[in-house]
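# Descriptive structure summary
Each chain is listed here by its residues.
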Amino acid sequence: MTLLVVERFEGTGIRLLSDSRLSYPSKYVDAGVKVLACPVRVWNVDERGVQAPLIYDATIGIGIAGSALRAHSAVEAVRNVLLSLQRIESYTDWSLHAICRPIARVVGEVAEEFGLQEKDLPPDQPEAAFVVIGLCPSTQKPRAYVIELFWRELKWHADIRELLLGSGREFFGSGAAAARAVDPSKAPNAFAILRAVIDSNRGQNKTGVGGWIQCGECIGAWVNDRPLGWFDVKAVRHVLGNDGEPRHTDRWSGIEWYGESSTPGWSDLQPRVLVSNPFHEEYVALIEKAAGGGGSEPGGNER
């Protein structure tokens, strides 16, 4: 069970959020990686087949919703393909959509190899979704696409469509309907919406959307005919301690990197973790309330 949220922020930036729960028939784990960074390298090739210089060296983000085994197998195959692409100048389409096409081909072929079919799935309902965000060579700005896997006419089809054309936010996965039903006055941004869906499942739907929030962001521009843009998977600072003892935990892809028992030593290589802190005001309010002896605060990512 998954909830993917893709939205625009700060004008042209694009953000991708997900929960971290992997579900089985009666079990679950909260360490599923659903927001991934994938390097992309593209070379020009002239009409004589001679390889020209590298023209695209950037990182895109891929968010996955669907069968964990099939989706991660597809993404691992995609990673190898994206590391070595080539383009015939003046012939090959040159856009983020063009980068999505080999991804879609891999996704479709991996599905065929698995030979799995959702017999009860309506033909207009995707079995899996892969959200791709990155710096587009055509527009020289971040763009977002989704590759959706459909079972039609006795075979798998991987369809591509662009996102965020008419709205600033879109949802994917089994939790999409619940996300659309969240009261916007109580959850004004994507982080709050995702947290509201996670909190709604606590104690009752252990195999639903749950765990920790994952986040990746794409920003960038085009400088000297080369992409200067990137997709960063960021740690998300979660507010804890509604029992009157405010605290927080930084989770990077569902894993706590800096905590009481998990902080690496100074002699170790340190992960370059950028932290998103969407609930800072709530944390400050909890501290002030605790200092004033005001008791516990309802809501807010308590585990």
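Refer to the structure presented above.
The paragraphs below set out a description of the structure included in this document. It should be emphasised that the depicted structure is a prediction, and the values quoted were computed from it without experimental measurement.

## Some points on the environment of Ile198
Looking at the secondary structure, you find Ile198 in helix α4 (residues 190-200). Residues Ile198 and Gly208, spaced 10 residues apart in sequence, show a C-alpha to C-alpha distance of 8.2 Å. Once residues within four sequence positions are removed from consideration, Ile198 is found in contact with Asp19, Val209, Gly210, Gly211 and Ile213.

## Some details on the pairing of strand β5 (residues 35-45)
Within β5, 8 of the 11 residues are buried, leaving the element largely enclosed by the surrounding structure. Direction of pairing for β5 relative to strand β7 (residues 85-88): parallel, over a ladder of 4 bridges. Residue pairing in the sheet places Val42 in a bridge with Leu85 of β7.

## Some words on the pattern of salt bridges
Scanning the model with the defined rule gives 15 salt bridges in all. A salt bridge links Arg15 to Glu7, with the shortest nitrogen-to-oxygen separation between them at 2.7 Å. This pair shows no difference in class: Arg15 is buried, exactly as Glu7 is. In this structure, the salt-bridge partner of Asp250 is Arg237, at a minimum N-O distance of 2.7 Å. With Asp250 in strand β14 (residues 247-252) and Arg237 in strand β13 (residues 226-240), the pair connects residues that are 13 residues apart, well separated along the chain. According to the relative accessible area criterion, Arg237 is partly exposed, its value standing at 23%. Each of Glu7, Arg15, Arg169, Glu217 and Lys234 takes part in a single network of salt bridges with overlapping partners.

## Some points on the packing of aromatic side chains
All chains considered together, the criterion is met by 3 aromatic pairs. When the ring of Tyr56 is compared with that of Trp94, the centres are 5.6 Å apart and the planes differ by 80 degrees; the resulting orientation is edge-to-face. Here Tyr56, found in strand β6 (residues 51-65), pairs with Trp94, found in the loop between β7 and α2 (96-114); they are 38 residues apart in sequence, far enough to count as distant. Measuring from centroid to centroid gives 5.0 Å for Trp151 and Trp156, while their planes differ by 70 degrees, and the two rings are edge-to-face. For the pair Trp151 and Trp156, a shared accessibility class is recorded, and that class is buried.

## Let's talk about the side chain of Ser276
Here Ser276 lies in strand β16 (residues 275-276). Non-local contacts of Ser276, meaning those with residues more than four positions away in its chain, are made with Phe191, Lys234, Ala235, Val236 and Arg237.

## Considerations on the nonpolar core
Within the largest apolar cluster, 36 residues are counted, with the highest numbers of intra-cluster contacts made by Val40, Tyr56, Ile60, Ile62, Leu82, Ile103 and Phe130. Contributions of two or more residues to this core are made by β5, β6, α1 (68-82), α2, β8 (128-135) and β9 (142-152). If you look at the next biggest cluster of nonpolar residues, it comprises 23 residues, including Ala190, Leu194, Val239 and Phe279.

## A word on the side chain of Arg251
Inspection of the secondary structure puts Arg251 in strand β14. Take Arg251: its relative accessible area is 16%, and that puts it in the buried class. A polar atom in the side chain of Arg251 sits 3.4 Å from the side chain of Thr249.

## Details of the environment of Gly13
Along the chain, Gly13 turns up in strand β2 (residues 13-18). You can call Gly13 buried: its relative accessible area is 5%. Taking C-alpha positions, Gly13 is 9.7 Å from Leu135, a pair spaced 122 residues apart along the chain. In contact with Gly13, not counting residues within four places along its chain, are Glu7, Arg8, Cys218 and Ile219.

## Regarding the pairing of β2
Sheet faces and side chains relate simply in a regular strand, where the side chains alternate between the two faces. The element β2 is largely enclosed, with a buried count of 6 among its 6 residues. Here strand β1 (residues 4-9) runs beside β2; their pairing, made up of 6 bridges, is antiparallel. Paired with Phe9 across the two strands is Gly13, which belongs to β2. Connecting the antiparallel pair β1 and β2 is a turn made up of 3 residues, with Glu10 showing a positive phi of about 50 degrees.

## Points about unusual backbone geometry
Its identity as a non-glycine residue notwithstanding, Gln140 has a phi of 60 degrees, on the positive side. As for its placement among the helices and strands, Gln140 is situated in the loop between β8 and β9. Given a relative accessible area of 38%, Gln140 falls into the partly exposed group. Phi angles above zero are rare outside glycine, and Leu164 is one such case at about 60 degrees. Among the structural elements, Leu164 can be located in the loop between β10 (155-162) and β11 (169-172).

## A few points about α2
The α-helix winds at 3.6 residues per turn, so residues separated by three or four positions along the chain end up facing the same way. Between its terminal C-alpha atoms α2 stretches 27 Å, which fits the 27 Å expected from 19 residues at 1.5 Å a residue. For α2, the complete set of buried residues consists of Leu96, Ala98, Ile99, Cys100, Ile103, Ala104, Val106, Val107, Gly108, Val110 and Ala111. Capping the start of α2 is the job of one residue whose side-chain oxygen sits 3.3 Å from the backbone nitrogen of His97: Ser95.

Cut-offs applied
- Residues numbered from 1 in each chain as written.
- Predicted model: local features only at pLDDT ≥ 70, side-chain atom pairs only at ≥ 80, totals over all residues.
- Heavy atoms only, no water.
- Helix = DSSP H or I, 4+ residues; strand = E, 2+ residues; numbered from the N terminus.
- Contact = heavy atoms within 4.5 Å.
- Buried < 20%, exposed > 50% of the residue type's maximum accessible area, 1.4 Å probe, protein only.
- Pairing = 2+ DSSP bridges.
- Salt bridge = Lys/Arg side-chain N within 4 Å of Asp/Glu carboxyl O.
- Phe/Tyr/Trp six-rings, centres within 6.5 Å; stacked < 30°, edge-to-face > 60°.
- Core = buried A, V, L, I, M, F, W, Y, C linked by side-chain atoms within 4.5 Å.
- Polar contact = N/O pair within 3.5 Å; in protein donor to acceptor, adjacent residues only side chain to side chain.
- Expected span 1.5 Å × (residues − 1).

Structural measurements only, silent on function.
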